[in-house]
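Structural overview for review
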Amino acid sequence: TAGKPIKCLAAVAYKAGEPLTIEEIEVEAPKAHEVRIKIEYTGVCHTDQYTLSGKDPEGEFPVILGHEGAGIVESIGEGVTSVKVGDHVIALYTPECRECKFCKSGKTNLCGKIRATQGKGLMPDGTPRFKSPDGKKLIHYMGTSTFSQYTVVADISVVAIQPEAGLDKACLLGCGITTGYGAAINTAKVQEGDNVAIFGCGAVGLSVIQGCVRNKAGKIIVIDVNPAKEEWARKFGATDFVNPSNLPAEGKTLVETIIDMTDGGVDHSFDCTGVVSVMRAALECCHKGWGQSIIIGVAAAGQEISTRPFQLVTGRKWLGCAFGGVRGRSEMRGLVQDYLDGKLKVEEFITHQRDLKDINEAFDLMHSGDCIR
Ligand code: NAD
Ligand code: AHE
Ligand code: ZN
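So, a few notes on the structure that sits alongside this text.

Cut-off values and rules
Residues numbered from 1 in each chain as written. Chains lettered and ligands numbered in written order. Predicted model: local features only at pLDDT ≥ 70, side-chain atom pairs only at ≥ 80, totals over all residues. Heavy atoms only, no water. Phe/Tyr/Trp six-rings, centres within 6.5 Å; stacked < 30°, edge-to-face > 60°. Near = heavy atom within 4 Å. Polar contact = N/O pair within 3.5 Å; in protein donor to acceptor, adjacent residues only side chain to side chain. Areas by Shrake-Rupley, 256 points an atom, 1.4 Å probe, with all protein chains shown as cover. Helix = DSSP H or I, 4+ residues; strand = E, 2+ residues; numbered from the N terminus. Donors = N, O, S within 2.8 Å, 3.2 Å for Na, K, Ca; no water. Tetrahedral: all angles 85-135°; square planar, octahedral: opposite > 155°, others 65-115°. Buried < 20%, exposed > 50% of the residue type's maximum accessible area, 1.4 Å probe, protein only. Salt bridge = Lys/Arg side-chain N within 4 Å of Asp/Glu carboxyl O.

Take the packing of aromatic side chains next. One pass over the structure, following the stated rule, counts 4 aromatic pairs. Taken together, the ring pairs in this structure connect Trp-232, Phe-236 and Phe-349 into an aromatic cluster.

So this is what it looks like as structure tokens:
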């Protein structure tokens, strides 16, 4: 079928806030520098839910969501050299072209080459590869659209991985796990003995814990409003757990509690909630003079962060990252190897599995509190 359109099932988001519709769509052949992937597994990330809710300023409909997917290359367009038919691959919502200003800077993993069209839900040539049953255009999402049995991505938005990894596990390296692990290692550069506070214990927060454990952090304090997350946090290596609705010392705020636990504040904090008031607390529990806070959570359109500038004047730093600062094409195999060598937990994240036809249940489960991925 290489070179021809393929009919397959996809979960289409027709309208903000409404369940996805499973239906047969048409996926065109990959054009030059494009790759068509048979998606075998995909995670459902909080960011998919955020865009489906209508709160994403870039969100448009009808769209095929999904950005945490893995599969097998089905066909390639002209000029594709980085992957071949049959390769096991992970789709990359943060591409890596190695030739734009961003890639060449050596300072960031954000690649600028196709960001504009990706944000509009189109392939780099400005057109989509999906068509709905009535022939209308469907747009892409985050350059990946993994909620389809077949998808087309740019060749800079895909990486071949070790087939031994198992695509059901490997897909999770397409977003949540890489994001948290990378944020601790690449962005914060946690050092041995550093004290850290991690706000939000979902897949991203748990992965930050893993990065902190790998770099031999000192205290690893996890904060979550869901008390059931304490067991998860400790299993991954947290040394302390704080529930903001049930603080240990009366009359103390959450920020004061963390400052007291760490002799003046943490060296690094991470927001893995997307809640702007939490982002403020995460900054303000940092140690005076050097503590830094990394924003990972995605907040809705219109939300803004605030603090007293004094917090920064006195040496705290506010940072953030996407995809854990990871350059997917160069670094993904290394992460997969960490998993294969038993140094990075992946299968532990899989709490629920559903068929594509039941994807709306997967969205419901995401809110249930006992679901990690
Ligand atoms: P999740 O929903 O599984 O986890 C969030 C956790 O935060 C939950 O355990 C929840 O109980 C907790 N929480 C909610 N409100 C809280 C509060 N006020 N105080 C303390 N804890 C609170 O989500 P996830 O998949 O782990 O993703 C976390 C965030 O990261 C989301 O906003 C997601 O969109 C974002 N994200 C960003 C990137 C990136 O590249 N920057 C990548 C992946 C996900
Ligand atoms: N369109 C959204 C962007 C949200 C956002 O920041 N997304 C992250 C990835 S979240 C994965 O779960 C990201 O990659 N950001 C960098 C980028 O270039 O989008 C909004 O809120 O506007
Ligand atoms: Zn995600």
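Neighbouring residues of ligand 1: 27 residues in total, closest Thr-47, Asp-224, Lys-229, Ile-296 and Phe-323. One of the side-chain N or O atoms of Asp-224 is found 2.6 Å from an oxygen atom in ligand 1. Coverage of ligand 1 by the protein amounts to 85% of the 870 Å² it exposes when considered alone. Put simply, the parts of the chain that give the shell around ligand 1 at least two residues each are helix H1 (46-53) and helix H6 (203-214).

The next point concerns the coordination of the zinc ion (ligand 3). With distances of 2.0 to 2.3 Å, the protein atoms coordinating the zinc ion (ligand 3) are Cys-45 (SG), His-67 (NE2) and Cys-175 (SG). Its 4 donor atoms give the zinc ion (ligand 3) angles of 98 to 127° at the centre, a pattern that matches the tetrahedral case. For the zinc ion (ligand 3), all donor residues lie on one chain, and their spacing in sequence is C-x21-H-x107-C. One end of the pair, Cys-45, is in the loop between strand E3 (34-43) and H1; the other, His-67, is in the loop between H1 and strand E4 (68-76), and 22 residues separate them in sequence. Side by side, Cys-45 and His-67 carry an identical accessibility label, which is buried.

Now for the pattern of salt bridges. Counted under the stated rule, the structure contains 19 salt bridges. Residue Glu-34 is joined to Arg-129 by a salt bridge in which the shortest nitrogen-to-oxygen separation is 2.8 Å. One end of the pair, Glu-34, is in strand E3; the other, Arg-129, is in the loop between helix H3 (115-119) and strand E6 (130-131), with 95 residues separating them in the sequence. Comparing Glu-34 with Arg-129, the two get one shared label, buried. The residue Glu-331 makes a salt bridge to Arg-327 at a minimum N-O spacing of 3.9 Å. The partly exposed category is assigned to Arg-327, whose relative accessible area is 24%.

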